[in-house]
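Below, each chain spelled out in residue letters.
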Amino acid sequence: MSFFGKSAEKAIRPVKRLQGRVRFPGDKSISHRYAMLAAIAEGKSEVHFYSDAADCQSTLGCLERLGVAIWRRGSTVTIEGAGQEGLKAPSMDLDAGNSGSTMRMLAGILAAQPFRSRLTGDASLSRRPMKRIAEPLACMGARIQMREGGLPPLEIEGAKLSPIRYQMPVASAQVKTAVLLAGLFAEGATEVTEPAPTRDHTEIALEQMGASIGRHGKTIRVEGRARLQGQKFYVPGDISSAAFFVAAGLMVLGSELTLEKVGLNPTRTALLDLVAGMGGRVKVMDAEMLNGELIGDVRVESSALRGGEIPREKVPALIDELPVLAVLGTQTDEGLTFHGAEELRVKESDRIAAVAENLRRMGAEVAEFPDGLRLAGRQKLRGAEIQTYADHRVAMAFAIAGLVAEGVTTLRDPDSVRISFPGFFGALERVAR
Ligand code: S3P
């Protein structure tokens, strides 16, 4: 059904099998970082395969409002670096849209500017916690005001920052990045210690651009007043988008998929390791390094999976993949359980509640915990009406569930897929047989 060009719902029908090759948009996490770092670097950067996801476009829009010159040609984005002192006071709010990464990471840069700025977001982002970045940035000297409860919008009064040593209370790559970016502007070395390893794209990109970065165990150190150099970058395909096709390829009998040129940075491949450990046939091929990031093809064949319990310490590295892993869990032999994922409740939606509710609508047996889920195994799913809460990863996870359900699955608000993977439904249709 179409309503003013937006589809209010999308019907998903079971498929016989999935076969073929799939390409993904440039990695969302990496695209954000290259754009922000290029904006404060010296000289031009050329970013190839920049993500077409709405979130990454929000980042470019904010940077333009800060006076950064940006040219887009297809998926190539050219950014004229403004240098450490070249950003301009914005005459309007900086709209991060649905993107938590844009708001939290950009706040690290804005905290060091000699002007005020205001970061806003859509209804979902306006409900997401921001104290986690405001606190360390305030310790460095910035003044940040939020709505009650530590919610956006963020009003940031930048200042000359002092370096800090920060022990992060939550494992969050966005928080780590916000502090490291602020640290680039401070005099001296800033250190961040993470409770568990998180994606390290910021550290890699900073090294590539000439910053001085040290890593010792769980601590990352950046030297301040760094002069970053503009670069030519290639963004790998988004493994978190490929994850939906990994799950689909494993679940739908007789499937064989090749997921092309996806990012294989070890801080992002926990899903591949997990499913391989449960008996999944996933194979990495033709891996190579591109600007410090590993990239390659992933071949997936349908497989019987054992299931089991996901070790707690693995959860932060799987955080974006948990909705589709939960769907996959219902098709394993022993079922799947995970704990330690309270962060999932403060993503674009409460993903624990959304997944539990929708799997139950499909007739599945699910136990919901404050910090996780237990999915019984070998379940027959029934087509149902799915409430996606306009959350892209919930929409895509349940599109995959619909492939193995009996009857028709209807997704409400499917357009949210544009947040991370605008071509998702087209890509799925091309490999469905
Ligand atoms: C991201 C980090 C994760 C992840 C998000 C992207 C990033 O968030 O869920 O989709 O690019 O750094 P947290 O840092 O809040 O865990």
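Residues numbered from 1 in each chain as written. Predicted model: local features only at pLDDT ≥ 70, side-chain atom pairs only at ≥ 80, totals over all residues. Heavy atoms only, no water.

1. Brief notes about the sheet that holds strand S3 (residues 9–12)
Strand order in the open sheet made by the three strands is S3-S25-S24, with mixed pairing throughout. Edge positions in the sheet fall to S3 and strand S24 (385–387), since each has one partner strand and no second. Going from strand to strand, the sheet's axes swing by 25 degrees on average, the running direction of each strand aside. Pairing between S3 and strand S25 (residues 409–412): four bridges, direction antiparallel. (Pairing = 2+ DSSP bridges. Helix = DSSP H or I, 4+ residues; strand = E, 2+ residues; numbered from the N terminus. Axes fitted to C-alpha atoms, helices over the stretch in contact; angles between N-to-C directions.)

2. Observations regarding the domain arrangement of the protein chain
Partitioning the protein chain into structural domains gives domain 1 (9–26 + 236–431) and domain 2 (28–234). Computed over C-alpha atoms, the centres of domain 1 and domain 2 are 28 Å apart. Counting from both sides, the interface comprises 24 residues of domain 1 and, opposite them, 29 residues of domain 2. Here domain 1 and domain 2 share an interface that buries about 2300 Å² over both sides, 47% of which is from carbon and sulfur atoms. If you sort the residues of domain 1 by the area they bury against domain 2, Asn291, Glu348 and Ile419 come out on top, with a joint share of 25%. Remark: the boundary between domain 1 and domain 2 carries three salt bridges. Glu348 is paired through a salt bridge with Arg128; the nearest N and O atoms lie 3.7 Å apart. Where domain 1 packs against domain 2, one counts 15 residue pairs in polar contact (both at pLDDT 80 or more). In terms of residue class, the side of domain 1 that touches domain 2 is made up of eight nonpolar, seven polar and nine charged. (Domains from an automatic or database assignment. Contact = heavy atoms within 4.5 Å. Buried area = accessible area lost by both parts, 1.4 Å probe. Salt bridge = Lys/Arg side-chain N within 4 Å of Asp/Glu carboxyl O. Polar contact = N/O pair within 3.5 Å; in protein donor to acceptor, adjacent residues only side chain to side chain. Nonpolar A, V, L, I, M, F, W, Y, C, P; charged D, E, K, R; others polar.)

3. Description of the site of the ligand
Lining the immediate environment of the ligand, one finds Ser29, Arg33, Ser101, Arg104, Ala171, Ser172, Ala173, Gln174, Arg199, Ile319, Asp320 and Lys347. Contact between the ligand and Ala173: an oxygen atom at 3.0 Å from a main-chain N or O atom of the residue. Contacts to the ligand include Asp320, whose side-chain N or O atom sits 2.6 Å from an oxygen atom. Across the complex, the protein chains shield 94% of the 390 Å² of accessible surface that the ligand would expose by itself. Within the residue set of the shell around the ligand, elements represented by two or more residues are helix H1 (28–39), helix H3 (100–110) and helix H5 (173–183). (Near = heavy atom within 4 Å. Areas by Shrake-Rupley, 256 points an atom, 1.4 Å probe, with all protein chains shown as cover.)

4. Re the sheet that holds strand S17 (residues 256–263)
An order of S4-S17-S19-S18 is seen for the four strands of this open sheet, with the pairing classed as mixed. Among the strands making up the open sheet, the edge pair consists of strand S4 (19–22) and strand S18 (281–290). Within this sheet the neighbouring strands show an average axis-to-axis angle of 10 degrees, counted without direction. For S17 and strand S19 (residues 293–301), the ladder comprises six bridges, and the chain directions are antiparallel. Across the sheet, residue Leu257 finds its bridge partner in S19, namely Val300. Relative to the sheet, helix H7 (residues 239–251) contacts S4, S17, S18 and S19, its axis offset from that of S17 by approximately 165 degrees. Each of S4 and S17 is contacted by helix H12 (residues 424–431), which is oriented at about 145 degrees to S4, the strand it contacts most.

5. As for H5
Within an α-helix, residues lying three or four positions from one another point in the same direction, as the helix has 3.6 residues per turn. Counting buried residues along H5, eleven of its eleven residues qualify, which places the element largely inside the surrounding structure. Listed in full, the buried residues belonging to H5 are Ala173, Gln174, Val175, Lys176, Thr177, Ala178, Val179, Leu180, Leu181, Ala182 and Gly183. One side-chain oxygen at the N-terminal end of H5 lies 3.3 Å from the backbone nitrogen of Gln174; it belongs to Ser172. (Buried < 20%, exposed > 50% of the residue type's maximum accessible area, 1.4 Å probe, protein only.)

6. What to know about the pattern of salt bridges
Counted under the stated rule, the structure contains 38 salt bridges. With its nearest N and O atoms 3.3 Å apart, the salt bridge here joins Arg221 to Glu223.

7. Some words on the packing of aromatic side chains
Under the definition given, this model contains eight aromatic pairs. Ring centres 5.9 Å apart and planes at 75 degrees place the aromatic pair Phe245 and Phe424 in the edge-to-face group. Of this pair, Phe245 sits in helix H7 while Phe424 sits in helix H12; the two residues are 179 residues apart in sequence, bridging distant segments of the chain. With respect to class, Phe245 is no different from Phe424; both count as buried. Centre to centre, the rings of Phe421 and Phe424 are 5.7 Å apart; their planes meet at 70 degrees, and the pair counts as edge-to-face. Phe424 matches Phe421 in its accessibility class, with the two residues each being buried. Within the aromatic cluster, the residues linked to one another by ring pairs are Phe24, Phe244, Phe245, Phe421, Phe424 and Phe425. (Phe/Tyr/Trp six-rings, centres within 6.5 Å; stacked < 30°, edge-to-face > 60°.)

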